[in-house]
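# A structural walkthrough
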Amino acid sequence: MISAIRDLIRTARSVAVLTGAGISAESGIPTFRDAGGLWRNFRAEDLATPQAFARDPKLVWEWYNWRRSLIAQAEPNAGHYALAELEKRIPDFTLITQNVDGLHDRAGSMRLLKIHGDIWTLRCTACGCERRDLRPSLPQLPPLCECGGPCQGFARPGVVWFGEGLPPAIWAKSEEAAANADVFLVIGTSAMVYPAAGLVHLAQASGAKVVEVNPAETPVSRMVAFTWRAPAAEALPLLVNQTE
Ligand code: BJW
Ligand code: ZN
């Protein structure tokens, strides 16, 4: 199967990739929906919402502080690096990630679309201004806007919560990449959260060969051309090394 996937990639005109939390699992960052993904018995669906933030911003920020601290200690793994390497070899390549952890950037990926935002960005709920803040754990929760204006609004994480739209320009580019891809790799995502999971269907309907890399079955496993049951950090380096 590896050589068949390798051949697909080698002869592809355009490759697009969708990653999810599973690609960062081997960097020590818990996924959302596997065992170990819970924080104080909360699910992402409980905390990653505008309603949860309105009700208890400190609680939501404590969750993000916990995650920021874990991510700050983590390093990109062989899966992240393999995708950065693949990008160098394929002229038309797009990496679409649902992850907010920044590990793809740190591995060197450049043609990267972050459809769910970035945990290291803070956005003011009053004036909308954004700033980067790389401190692993923020001391004051919730943090205040630092735009220098009079707003004094709460800052929130610069990520996309349930019920919120995805950044329109980034989403448009993601749909275009999925629709134009000859090969679409789906890596480490449960494919349960929409509209991200819809990219797999769009790619397939537009004629792409879809390849899934995931140790577990997902709702898209049965529709894809290949489903490779392996951890991303093991599978992706094999794929890249064999495309040389
Ligand atoms: C490994 C591994 C290893 C483990 N190697 N793999 C259509 C149908 C039904 C519902 C909806 C729909 N359209 C919209 C909705 C509602 C909702 C939704 O999808 N709900 C579902 C839960 C049912 N979607 C939304 O609300 C979205 N917005 C929207 O649609 O707006 C439209 C609109 C808005 C306003 C007006 C009008 C229209 C927004 C979704 C935002 C999701 N946000 C989060 C949080 C981001 C910020 C943060 O990180 O804090 O995004 S939730 C969370 O889930 C996060 C993730 O990106 C996302 C996906 O999770 P992912 O990455 O797939 O992780 P897991 O844990 O689920 O899976 C891990 C996988 O890895 C597993 O399969 C493992 O097996 C695997 N694995 N080890 C490889 N080593
Ligand atoms: Zn502000």
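Thresholds, definitions, all that
Residues numbered from 1 in each chain as written. Chains lettered and ligands numbered in written order. Predicted model: local features only at pLDDT ≥ 70, side-chain atom pairs only at ≥ 80, totals over all residues. Heavy atoms only, no water. Core = buried A, V, L, I, M, F, W, Y, C linked by side-chain atoms within 4.5 Å. Buried < 20%, exposed > 50% of the residue type's maximum accessible area, 1.4 Å probe, protein only. Helix = DSSP H or I, 4+ residues; strand = E, 2+ residues; numbered from the N terminus. Contact = heavy atoms within 4.5 Å. Arc of directions from axis to C-beta. Donors = N, O, S within 2.8 Å, 3.2 Å for Na, K, Ca; no water. Tetrahedral: all angles 85-135°; square planar, octahedral: opposite > 155°, others 65-115°. Polar contact = N/O pair within 3.5 Å; in protein donor to acceptor, adjacent residues only side chain to side chain. Axes fitted to C-alpha atoms, helices over the stretch in contact; angles between N-to-C directions. Parallel < 35°, antiparallel > 145°, perpendicular 65-115°, else oblique. Left-handed = near helix turned anticlockwise from the far one by under 90°. Nonpolar A, V, L, I, M, F, W, Y, C, P; charged D, E, K, R; others polar. Expected span 1.5 Å × (residues − 1). Domains from an automatic or database assignment. Buried area = accessible area lost by both parts, 1.4 Å probe. Salt bridge = Lys/Arg side-chain N within 4 Å of Asp/Glu carboxyl O. Near = heavy atom within 4 Å. Areas by Shrake-Rupley, 256 points an atom, 1.4 Å probe, with all protein chains shown as cover.

## Focus: the nonpolar core
If you look at the biggest cluster of nonpolar residues, it comprises 26 residues, and the most contacted ones within it are I9, V17, L83, L86, L185, I187 and L236. At the level of elements, helix 1 (2-11), strand 1 (14-19), helix 5 (78-89), strand 2 (92-97), strand 7 (183-187), strand 8 (209-213) and helix 9 (232-241) are the ones that each hand at least two residues to this core. Of all the elements, helix 9 adds the most residues to this core, at five residues. Excluding residues within four positions of it along the chain, I187 makes contact with V17, L18, T19, G20, I23, L83, V213, A232 and L236. In this structure, A48, W61, A74 and W161 belong to the second largest nonpolar core, which totals 24 residues.

## Focus on helix 1
Among all positions of helix 1, only I5, R6, L8 and I9 are buried. Seen end-on, helix 1 carries its buried residues on one side only, within an arc spanning 160°. In this fold, the buried residues of helix 1 make contact with helix 5, strand 7, strand 8, strand 9 (226-228) and helix 9.

## A word on the coordination of the zinc ion (ligand 2)
Bound to the zinc ion (ligand 2) on the protein side are C124 (SG), C127 (SG), C145 (SG) and C151 (SG), at distances that span 2.2 to 2.4 Å. In this structure, the zinc ion (ligand 2) is surrounded by four donor atoms whose angles at the metal cover 102 to 122°, and the resulting shape is tetrahedral. On the accessibility criterion, C124 (5% relative accessible area) is buried.

## Details of the side chain of H116
Looking at where H116 falls in the secondary structure, it is placed in the loop between strand 3 (112-114) and strand 4 (117-124). A distance of 3.4 Å separates the side chain of H116 from the backbone oxygen of Q98, its partner in a polar contact. Excluding residues within four positions of it along the chain, H116 makes contact with T97, Q98, V100, V159, V160, L166, V193 and A196.

## So, the packing of helix 5 against helix 9
Two numbers describe how helix 5 lies on helix 9: the axes approach to 7 Å, and their chain directions differ by 25°. If you check the angle between helix 5 and helix 9, you find them roughly parallel. Every pair of crossing elements has a handedness; the one defined by helix 5 and helix 9 is left-handed. Between helix 5, through A78, G79, A82, L83, E85, L86 and R89, and helix 9, the contact on the second element is made entirely by A232, A233, L236, P237 and V240. Across the contact of helix 5 with helix 9, the residue classes break down as nine nonpolar, one polar and two charged.

## Some details on helix 5
When the terminal C-alpha atoms of helix 5 are compared, their 17 Å separation across twelve residues agrees well with the 16 Å that a helix rising 1.5 Å per residue should span. Those residues of helix 5 lying buried are G79, H80, A82, L83, A84, L86 and E87. For helix 5, the secondary structure elements touched by its buried residues are helix 1, strand 1, strand 2, helix 6 (103-107), strand 7 and helix 9. N-capping of helix 5 is provided by N77, with a side-chain oxygen placed 2.7 Å from the backbone N of G79.

## Regarding the domain arrangement of the protein chain
Domain boundaries in the protein chain define domain 1 (2-28 + 74-116 + 166-241) and domain 2 (44-72 + 121-159). Put simply, the middle of domain 1 and the middle of domain 2, counted by C-alpha atoms, are 28 Å apart. Taken together, the contact pairs five residues of domain 1 with five residues of domain 2. With both sides pooled, the region where domain 1 packs onto domain 2 buries about 470 Å², and carbon together with sulfur makes up 53% of that total. Scanning the region where domain 1 abuts domain 2 turns up zero salt bridges. Put simply, domain 1 and domain 2 have two residue pairs in polar contact (both at pLDDT 80 or more) between them. Partitioning the side of domain 1 that touches domain 2 into residue classes produces two nonpolar, one polar and two charged.

## Section: the site of ligand 1
Taken together, 34 residues lie around ligand 1, and Y64, R67, G163, T189 and S190 are the ones closest in. Contact between ligand 1 and H116: an oxygen atom at 2.8 Å from a side-chain N or O atom of the residue. Here an oxygen atom of ligand 1 sits 2.7 Å away from a polar atom, N or O, in the main chain of G163. With the chains in place, 75% of the 1,500 Å² that ligand 1 exposes on its own is no longer accessible. Each residue belonging to the shell around ligand 1 can be placed in one class, and the counts come to 17 nonpolar, eleven polar and six charged. Per-domain counts for the shell around ligand 1 show at least three residues from each of domain 1 (2-28 + 74-116 + 166-241) and domain 2 (44-72 + 121-159).

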